[in-house]
Amino acid sequence: MEDFAPGNGRRILEKYRDRICTFNDDMQGTGAITLAAVISAVRACGTPLRNQRVVIFGAGTAGVGIADQIRDAMVREGLSRRMQPGASGAWTAGVAHRGHGRQLRDHQMTYARPTAEGKD
């Protein structure tokens, strides 16, 4: 899929994922390339991915796609899918937080943090 608005690309991907082989380069391609780099880095350091705290600057289509890929890899390593604020294995996409003053999309809300958490 190319050139769909952020909400449409994710919606189409979710709707047809079990029926049609689909791939969105913004959400999945950028995430896959970034995940490959992250896996290489943690292997070089000798530290499991699940022990990392990940912060992604930018909660747009690509940023959330990167967060999805890294989160799924951490879950495959045994981490809970539920975010654990402040602990290793926590993830944050961009600077999105509840009370940000703008409407967040559903896929951004997955990673949005409480506003008070950013004040620390």
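None of these values were measured; they are calculated from a predicted model. (Residues numbered from 1 in each chain as written. Predicted model: local features only at pLDDT ≥ 70, side-chain atom pairs only at ≥ 80, totals over all residues. Heavy atoms only, no water.)

Q: Please clarify how the side chain of Arg-71 should be interpreted in this entry.
A: Turning to its location among the elements, Arg-71 is positioned in helix H3 (residues 61-76). Here the side chain of Arg-71 touches Asp-72 through a polar contact of 3.1 Å, side chain to side chain. (Helix = DSSP H or I, 4+ residues; strand = E, 2+ residues; numbered from the N terminus. Polar contact = N/O pair within 3.5 Å; in protein donor to acceptor, adjacent residues only side chain to side chain.)

Q: How do you make sense of H3 when you look at a structure like this?
A: An α-helix turns once per 3.6 residues; consequently, residues spaced three or four apart project the same way. Between its first and last C-alpha, H3 extends 23 Å over 16 residues, near the 22 Å set by a 1.5 Å rise per residue. Every buried residue belonging to H3 is among Thr-61, Gly-63, Val-64, Gly-65, Ile-66, Ala-67, Asp-68, Ile-70, Arg-71, Ala-73 and Met-74, and all of these are buried. One or two residues past the end of H3 sits Gly-78, with phi positive at roughly 105°. (Expected span 1.5 Å × (residues − 1). Buried < 20%, exposed > 50% of the residue type's maximum accessible area, 1.4 Å probe, protein only.)

Q: What should I look at first to understand the side chain of Gln-28 in this one?
A: Position of Gln-28 relative to the elements: it lies in helix H2 (residues 25-45). Residue classification places Gln-28 among the buried positions, given a relative accessible area of 19%.

Q: Please clarify how the pattern of salt bridges should be interpreted in this entry.
A: Once the charged atoms of two side chains with opposite charge are near each other, the side chains can pair. A complete count under the given rule lists 3 salt bridges for this structure. Here Arg-50 makes a salt bridge to Glu-77, at a shortest N to O gap of 3.8 Å. Separated by 27 residues along the polypeptide, Arg-50 in the loop between H2 and strand S1 (54-56) and Glu-77 in the loop between H3 and strand S2 (91-93) bring together distant segments of the chain. Assessed through its relative accessible area of 35%, Arg-50 is described here as partly exposed. (Salt bridge = Lys/Arg side-chain N within 4 Å of Asp/Glu carboxyl O.)

Q: Whenever I open this one, the nonpolar core confuses me. Can you help?
A: Generally speaking, a soluble globular protein has its nonpolar side chains buried in company with each other. Grouped together as the largest cluster of nonpolar side chains are 13 residues, with contacts concentrated most on Leu-35, Leu-49, Val-54, Ile-56, Ile-70 and Met-74. Among the secondary structure elements, those contributing two or more residues to this core are H2, S1 and H3. No other element matches the 6 residues that H3 contributes to this core. (Core = buried A, V, L, I, M, F, W, Y, C linked by side-chain atoms within 4.5 Å.)

Q: Help me out: how do you make sense of H2 in this one?
A: For H2, built from 21 residues, the straight-helix expectation of 30 Å at 1.5 Å per residue is met to within 8% by its first-to-last C-alpha distance of 29 Å. Positive phi shows up at Gly-46, right after H2, with a value of about 75°.

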